[in-house]
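A structural walkthrough
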Amino acid sequence: MLNLPGPAGDPFAALAVAMEKHIGPEAAGFVNHVFTLHETTRIRELVVEAEFDEIEIDETIGTLSLPPPEKFLWQYIHSTPLAAIVSKIDEGVRSVLEREVLEVWNEFVEEGGGMSYRQRIVTVCARR
């Protein structure tokens, strides 16, 4: 089973914009790339090419619940290849990046401090 998000929801689109602005296209490219495989026709082609059968593909819009913005930002960055890229920027740039991302992400904060937003998810089930 695969769960593929895409296209990027507003929180991640904002992160990509900030990464491009303050770090460069490589950082934005990673964020955007995570959300690129979401077209059901292309997904089906890839699963067939990989010789899977009984392919079922569903699209849903789900609510993603995430930690508070600041916590999630750094969890996300440090759990991806972005950690190496971000470690090379100085503290001032890091602070501006954080401020700009959190400015958008704060729109998604719910009671209790966590974030929540709606994201399209493609779910793929297949057998070999």
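First things first, this report covers the structure right here in the doc. (Residues numbered from 1 in each chain as written. Predicted model: local features only at pLDDT ≥ 70, side-chain atom pairs only at ≥ 80, totals over all residues. Heavy atoms only, no water.)

Here we come to helix α4 (residues 69-78). The complete set of buried residues in α4 reads P69, F72, L73, W74, Y76 and I77. On its buried face, α4 is in contact with α1 (10-22), α2 (25-33), β2 (53-66), α5 (82-86), α6 (91-105) and β3 (115-127). (Buried < 20%, exposed > 50% of the residue type's maximum accessible area, 1.4 Å probe, protein only. Helix = DSSP H or I, 4+ residues; strand = E, 2+ residues; numbered from the N terminus. Contact = heavy atoms within 4.5 Å.)

With that out of the way, let us pick up the pairing of β3. Across 4 bridges, the pairing between strand β1 (residues 2-5) and β3 is antiparallel. Residue pairing in the sheet places P5 in a bridge with I121 of β3. As paired strands, β2 and β3 are joined by 12 bridges and run antiparallel to one another. Bridge pairing links I61 to R120 in β3. (Pairing = 2+ DSSP bridges.)

The next thing to look at is the environment of V124. Along the chain, V124 turns up in strand β3. A sequence separation of 119 residues divides V124 from P5, and the C-alpha atoms of the two residues are 11 Å apart. Apart from the residues lying within four places of it in its own chain, the contact partners of V124 are M1, L2, L4, I43, V47, E56 and I57.

This part is about the environment of M1. Along the chain, M1 falls in the segment before β1. It is 7.0 Å that separates the C-alpha atoms of M1 and T123, two residues lying 122 residues apart in sequence. Among all residues touching M1, those that are not within four sequence positions of it are T123, V124 and C125.

Closest axis-to-axis distance for the α1/α6 pair is 9 Å, and the angle between their directions is 155°. Relative to α6, α1 is oriented roughly antiparallel. Between α1 and α6 the crossing geometry is right-handed. Facing P11, F12, A14, L15, A18, M19, K21 and H22 of α1, the residues of α6 in contact are V93, V96, L97, E100, V101, V104 and W105. Of the residues belonging to the contact of α1 with α6, the class tally is 12 nonpolar, 1 polar and 2 charged. (Axes fitted to C-alpha atoms, helices over the stretch in contact; angles between N-to-C directions. Parallel < 35°, antiparallel > 145°, perpendicular 65-115°, else oblique. Left-handed = near helix turned anticlockwise from the far one by under 90°. Nonpolar A, V, L, I, M, F, W, Y, C, P; charged D, E, K, R; others polar.)

With that settled, the discussion passes to the side chain of Q119. Examined against the element boundaries, Q119 turns out to sit in strand β3. Of the polar contacts made by the side chain of Q119, one reaches the backbone nitrogen of G9; its length is 3.2 Å. A distance of 3.0 Å separates polar atoms of two side chains, one belonging to Q119 and the other to Y117. In this view, Q119 contacts P5, G6, P7, A8, G9, F35, T60, I61, G62 and L64; residues no more than four positions away in its chain are not counted. (Polar contact = N/O pair within 3.5 Å; in protein donor to acceptor, adjacent residues only side chain to side chain.)

Turning next to the sheet that holds β2. With antiparallel pairing, 3 strands are arranged side by side in an open sheet as β1-β3-β2. Sheet topology places β1 and β2 at the edges, where each strand pairs with a single neighbour. Taken pair by pair, the neighbouring strands of this sheet meet at an average axis angle of 30°, ignoring direction.

Another aspect to go through is the pattern of salt bridges. When the charged atoms of two side chains lie near each other, side chains of opposite charge can form a pair. Under the defined criterion, the tally for this structure stands at 6 salt bridges. Put simply, R42 and E45 hold a salt bridge, and the shortest N to O gap is 3.2 Å. Remark: E45 and R42 occur in helix α3 (residues 40-49); sequence separation between them is 3 residues, near one turn of the helix. Here E59 ties to R120 by a salt bridge, and the two come within 2.6 Å at their closest N and O atoms. Of this pair, E59 sits in strand β2 while R120 sits in strand β3, and the two are 61 residues apart along the sequence. Sharing partners across several salt bridges, the network here consists of R42, E45 and E49. (Salt bridge = Lys/Arg side-chain N within 4 Å of Asp/Glu carboxyl O.)

These figures come from the coordinates and say nothing about function on their own.
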